[in-house]
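Remarks on the overall topology
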Amino acid sequence: MGRSIRLAYPRLARRLLGQGRWGTLAQAGWTALAVRRGLRRGRPAGGPMLATLLMTYRCNNDCFMCDTLEVARDRKGKGMKELDLEGLKGLVDGFAALGVPALSLTGGEPLLRPEVPALVRHARSRGLLVHLNTNGMLVDEAMALTLLEAGVDSVNISLDGAVPATH
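A quick note: this is a predicted structure, and the numbers were derived from the prediction, not measured.

Quick look at the sheet that holds strand β3 (residues 129–134)
Reading across the sheet, the 4 strands line up as β1-β2-β3-β4 and stay open at both edges, with parallel pairing between neighbours. At either end of the open sheet lies a strand with only one pairing partner, and these are β1 (51–54) and β4 (154–157). Averaged over all pairs of adjacent strands, the angle between strand axes in this sheet comes to 20°, irrespective of strand direction. In the sheet, β1 pairs with strand β2 (residues 102–106) via 4 bridges, with the strands oriented parallel. Across the sheet, Leu 53 pairs through a bridge with Leu 105, a residue of β2. Docked against the sheet, helix α4 (residues 85–98) engages β1 and β2, running at close to 170° with respect to β1. Helix-sheet contacts for helix α5 (residues 116–125) involve β1, β2 and β3, and the interaxial angle to β3 is about 155°.

Put into structure tokens, the structure is as follows:
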């Protein structure tokens, strides 16, 4: 873990410095140091490093190894609903109040939620770094520009199969 922190932090630092985000850089540095201290002591030295927000169980794919569509059907059958944008913002506000430095948006497929860019903007306004996990099927040039303009820090596109039949 220490090696991965040593490798990841300089890349993050260069990017944040280039963007003039000194405060975010300082926060990330102190958090990384706290994690290292905690590892040496064998116990956490601070709060969580990352909050993961599952935006939806819905998905536009039906991958053989994933059960999110089944979970979505079950939840819908029980009358359960997804949080609206204000509910999601409330969760982000709670994460920020806990001092969580980063937020990962995932799902199912989070981009099925039109609120993603607004939620990214809200999380960035609260000082959180924002990561998006997507299958990439809904990312065209317009969506990529929208996400960048909203302030997303990183995007992971999952390729869960080497051929279309398994992805």
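Considering α5
Judged by how many residues are buried, α5 sits mostly within the fold: 7 of 10 residues are covered. When α5 is considered as a whole, its buried residues turn out to be Val 116, Pro 117, Leu 119, Val 120, His 122, Ala 123 and Arg 124. At its buried positions, α5 is contacted by β1, α4, β2, β3 and α6 (141–150). Trailing α5 by a residue or two, Gly 127 shows a phi angle of about 90°, which is positive.

Conventions used here
- Residues numbered from 1 in each chain as written.
- Predicted model: local features only at pLDDT ≥ 70, side-chain atom pairs only at ≥ 80, totals over all residues.
- Heavy atoms only, no water.
- Pairing = 2+ DSSP bridges.
- Helix = DSSP H or I, 4+ residues; strand = E, 2+ residues; numbered from the N terminus.
- Axes fitted to C-alpha atoms, helices over the stretch in contact; angles between N-to-C directions.
- Contact = heavy atoms within 4.5 Å.
- Buried < 20%, exposed > 50% of the residue type's maximum accessible area, 1.4 Å probe, protein only.

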